[in-house]
Amino acid sequence: MTCSNPFVVKWVEETAARLKPTNVVWVNGSDEEYRSICDQLVSDGTFTPLNPKKFPNSYWAVSDPSDVARVEDRTFICTRSQDDAGPTNNWADPREMFKTLNSLMEGCMQGRTMYVVPYLMGPDGSPFSRVGFELTDSLYVVANMRIMARIGDTALRNLKDDSNDFVRGVHSIGDLDPEHRYICHFPEQNIIASFNSNYGGNALQGKKCFALRIASTLARRQGWLAEHMLILGITNPKGEKHYVCAAFPSACGKTNLAMLIPPQSYLEQGWKVETVGDDIAWLNFGSDGRLYAINPEAGFFGVAPGTSYKTNPNAMDTIKSNTIFTNTALDLDEMVPWWEGLGEPPKRVRDWMKHDWTPASKTKAAHPNSRFTAPARQCPSIDANWESPGGVPISAIIFGGRRAHTTPLVYQARDWQHGTFVGVTMASETTAAATGKVGELRRDPMAMLPFIGYHAGDYFQHWLDMGKRAGAKMPGVFHVNWFRTDDAGKFLWPGFGDNMRVLEWVLGRVAGKAGAAETPLGFQPRAEDLNLQGATLSAAAVEELLAVKKADWEEELESQEKFFNKIGAKLPKEIWTEHRALRQRLGL
Ligand code: OXD
Ligand code: MN
């Protein structure tokens, strides 16, 4: 299918004239084309084919050692007014940034091919889906985009010939110089430019750049929400099904929760959990006034280390074929990927830096942020409605973070305004998905800190406004913390499948059936309100998991205030009101 949209054709021609590729190839998204892309990546040494019996049509790749994660300090929101980017984003003047990028990228594709990748974020034919184009000189990016989005002809079919409403994206690997790495967003023009990185979160523009940063600005203008949330469906033994969204900062187990397998006792009673998405949700009002979610993505870009048949069997079965492994280690005898947490190390291991590795080596074999890119449709728990054009109705929104102390296992917000406050005050101890220090407490509102494409204060206001529009039809809001530890630093909660116990309580609350105590935080289960049958938990551990300690909260309230002051005058007054009310309820 040739593209007959004159806006697209003109922009592609203009871009090619500036970047000067040797040739321009339009990607159609077919199976045949994908096979030939993979063959080329094998012959140029980017892809190592894996054992065709154990991992058919799957490949191992490693990145430049300096290019292994998102780079928040090199990520920019370019708006005419600095105030529109707000205090949590790196701002740049769009004219200045265009100048910088134009001079850096002028002729950067000489001797290379420029691939034109039309992509659709969202299900084919959905009124909520959107089209983007990524012009890239990285065949690795094309191969990953083929898994993560619906690319080629499907995308073109979803764009009207007279429509100028698409995201224009340019990406070049340049020379991977970290000093001149740029991940730039121009929300006023719907433009994305990424340069000198080939890492998924920087270079697969459909994901964080479009589906979160640009989409959040579209959502604000158009009255919807683009969120960093997984989507899952839960069916109870009576056959009643509810969908929930959950927001966690990067690498807090979102993929595991999205693919949760309930404990045996739940399975025997007929509970079922199904996956709609593991990272991003676009939420729109349906005609009944409820919020409906679509997963804009078509694949999973999951963290490999720690993934195993013990922690996430559904992910393990998803990645058995048609998968790209980046920066994992390689078992040279079996030609299968390996990473820490998968089990016994194989005899002959090549690490992600392409060195021989043994358990005695001082480094990890797989990079902690090594990833698999796998088609969502291969997930055994994929929900029958995951590509439903209208989306799935959302009954609850769950916020969470990685906190060793302070926040209890679960609590429910009192109403939407309070729920927005709970989201705004989310915080988590940092992990490896972004470059930077590991283990520090970082405030991460709605898990969107690195992804809000505009002023965070305006974003919080948008959340409040959405609630005013829908009133009582908004989903219930909850907060969970799977990561609370005892004095010895050991996790108190088993996590993984046992998180089902918390989900059951959440759905029970939404249905008005589960019991709770009203506490300063909102509504919390008492031990007897949770189904802990079959869980190996002492009464003391349960008590500790549910405890709210004044000293911890005193510190927490102070940290919230510091964060609010950073947001400044645009922090909605309702958020201060909720904060003061919480302080009062805690008697602090
Ligand atoms: C991701 C992230 O890769 O949040 O999903 O960093
Ligand atoms: Mn994410």
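Everything that follows concerns the structure shown earlier in this document.
Since this is a predicted model, take the numbers as computed values, not measurements.

Colleague: What should I look at first to understand the overall build of the protein chain in this one?
Modeller: The secondary structure content of the protein chain amounts to 17 helices and 31 strands. Scaling as 2.2 N^0.38, a compact globule of 588 residues should have a C-alpha radius of gyration of about 25 Å, and the protein chain matches this with 23 Å. Contacts spanning at least 24 positions in sequence make up 73% of the contacts within the protein chain whose residues lie at least 6 apart. Surface exposure of the protein chain reaches about 22,700 Å², of which carbon and sulfur atoms provide 50%. Within the protein chain, the 68 negative side-chain charges are centred at a point lying 2 Å from the centre of the 63 positive side-chain charges.

Colleague: Hey, could you run me through the sheet that holds strand β3 (residues 59-61) in this one?
Modeller: Strand pairing in a sheet is mediated by backbone hydrogen bonds. Such pairs are either parallel or antiparallel. Spatial ordering of the open sheet is given by β2-β3-β19-β24-β18, a layout of 5 strands whose pairing is mixed. Looking at which strands have only one partner, the edges of the open sheet turn out to be β2 (48-49) and β18 (299-303). Sheet topology note: the β18/strand β24 (residues 371-375) ladder contains 5 bridges and is antiparallel. Within β24, the residue paired with Val-303 across the bridge is Arg-371.

Colleague: It is not clear to me how helix α1 (residues 6-19) should be interpreted in this structure. Could you clarify?
Modeller: One full turn of an α-helix is made of 3.6 residues, so residues set three or four places apart face in the same direction. Look at α1: 20 Å from first C-alpha to last across 14 residues, which is about the 20 Å you get at 1.5 Å a residue. Turning to α1, its buried residues are Val-8, Trp-11, Val-12, Thr-15, Ala-16 and Leu-19. Along α1, the residues classed as buried sweep out an arc of 135° about the axis, all on the same side. Exposed residues lying more than 90 degrees from the buried face of α1 are Pro-6, Lys-10, Glu-13 and Ala-17. On its buried face, α1 sits against β1 (23-26), α4 (94-105), β6 (113-121), β7 (130-136) and β9 (167-172). Its side-chain oxygen placed 2.8 Å from the backbone nitrogen of Phe-7, Asn-5 serves as the N-cap of α1. Two residues or fewer after α1 comes Lys-20, characterised by a positive phi angle close to 55°.

Colleague: In this structure, what is going on with the coordination of the manganese ion (ligand 2)? I would like to understand it.
Modeller: Tetrahedral coordination by four donors sets the ideal angle at the metal to 109.5 degrees; octahedral coordination by six donors sets it to 90 or 180 degrees. In this structure, Lys-208 (NZ), His-228 (NE2) and Asp-279 (OD) serve as the protein donors to the manganese ion (ligand 2), at separations of 2.2 Å. Counting along the primary sequence, the residues that act as donors to the manganese ion (ligand 2) give the motif K-x19-H-x50-D. Of the two residues, His-228 sits in the loop between β12 (225-227) and β13 (229-235) while Asp-279 sits in the loop between β15 (272-277) and β16 (281-285), which places them 51 residues apart along the sequence.

Colleague: Even after reading the chapter, I still don't get the packing of aromatic side chains, so can you show me in this structure?
Modeller: Each aromatic ring pair is described using two quantities: the centre-to-centre distance and the angle formed by the ring planes. Under the definition given, this model contains 24 aromatic pairs. Seen from their ring centres, Trp-11 and Phe-133 are 6.4 Å apart, and the 75° between their planes marks the pair as edge-to-face. Of this pair, Trp-11 sits in helix α1 while Phe-133 sits in strand β7, placing them 122 residues apart in sequence. On the numbers, 6.3 Å between centres and 50° between planes, the contact of Trp-11 with Phe-166 is tilted. Residue Trp-11 is located in helix α1, and its partner Phe-166 is located in the loop between α6 (153-157) and β9; the two are separated by 155 residues in the primary sequence. As far as burial versus exposure is concerned, Trp-11 and Phe-166 are alike and both buried. Through a chain of ring-to-ring contacts, the aromatic side chains of Tyr-119, Phe-210, Trp-224 and Trp-282 assemble into a single cluster. The residue whose ring lies beneath Arg-402 is Phe-483, and the NZ or CZ to ring-centre distance is 4.1 Å. Positioned above the aromatic ring of Phe-523 is the side chain of Arg-509, whose terminal nitrogen or guanidinium carbon lies 5.2 Å from the ring centre.

Colleague: Explain unusual backbone geometry here, please?
Modeller: Glycine aside, the phi torsion of most residues is negative, and most peptide linkages are trans. Positive phi, normally seen in glycine, also occurs at Lys-20, with a value near 55°. Along the polypeptide, Lys-20 turns up in the loop between α1 and β1. Notably, Asn-190 is not glycine yet its phi reads approximately 55°, a positive angle.

Colleague: Would you mind showing me how to read the sheet that holds strand β23 (residues 356-357) here?
Modeller: Overall, antiparallel pairing links the 4 strands, which are arranged β21-β20-β22-β23 in an open sheet. On the outer flanks of this sheet lie β21 (336-338) and β23, each paired with one strand and no other. Summarising the sheet, strand β22 (residues 349-350) and β23 pair through 2 bridges and their orientation is antiparallel. The residue of β23 that forms the bridge with Arg-350 is Asp-356.

What counts, and where the lines are drawn
Residues numbered from 1 in each chain as written. Chains lettered and ligands numbered in written order. Predicted model: local features only at pLDDT ≥ 70, side-chain atom pairs only at ≥ 80, totals over all residues. Heavy atoms only, no water. Helix = DSSP H or I, 4+ residues; strand = E, 2+ residues; numbered from the N terminus. Rg over C-alpha atoms; globule rule 2.2 N^0.38 Å. Contact = heavy atoms within 4.5 Å. Areas by Shrake-Rupley, 256 points an atom, 1.4 Å probe, with all protein chains shown as cover. Lys, Arg positive; Asp, Glu negative; His and termini not counted. Charge placed at Lys NZ, Arg CZ, Asp CG, Glu CD. Pairing = 2+ DSSP bridges. Expected span 1.5 Å × (residues − 1). Buried < 20%, exposed > 50% of the residue type's maximum accessible area, 1.4 Å probe, protein only. Arc of directions from axis to C-beta. Polar contact = N/O pair within 3.5 Å; in protein donor to acceptor, adjacent residues only side chain to side chain. Donors = N, O, S within 2.8 Å, 3.2 Å for Na, K, Ca; no water. Phe/Tyr/Trp six-rings, centres within 6.5 Å; stacked < 30°, edge-to-face > 60°. Lys NZ or Arg CZ within 6 Å of the ring centre and 35° of its normal.

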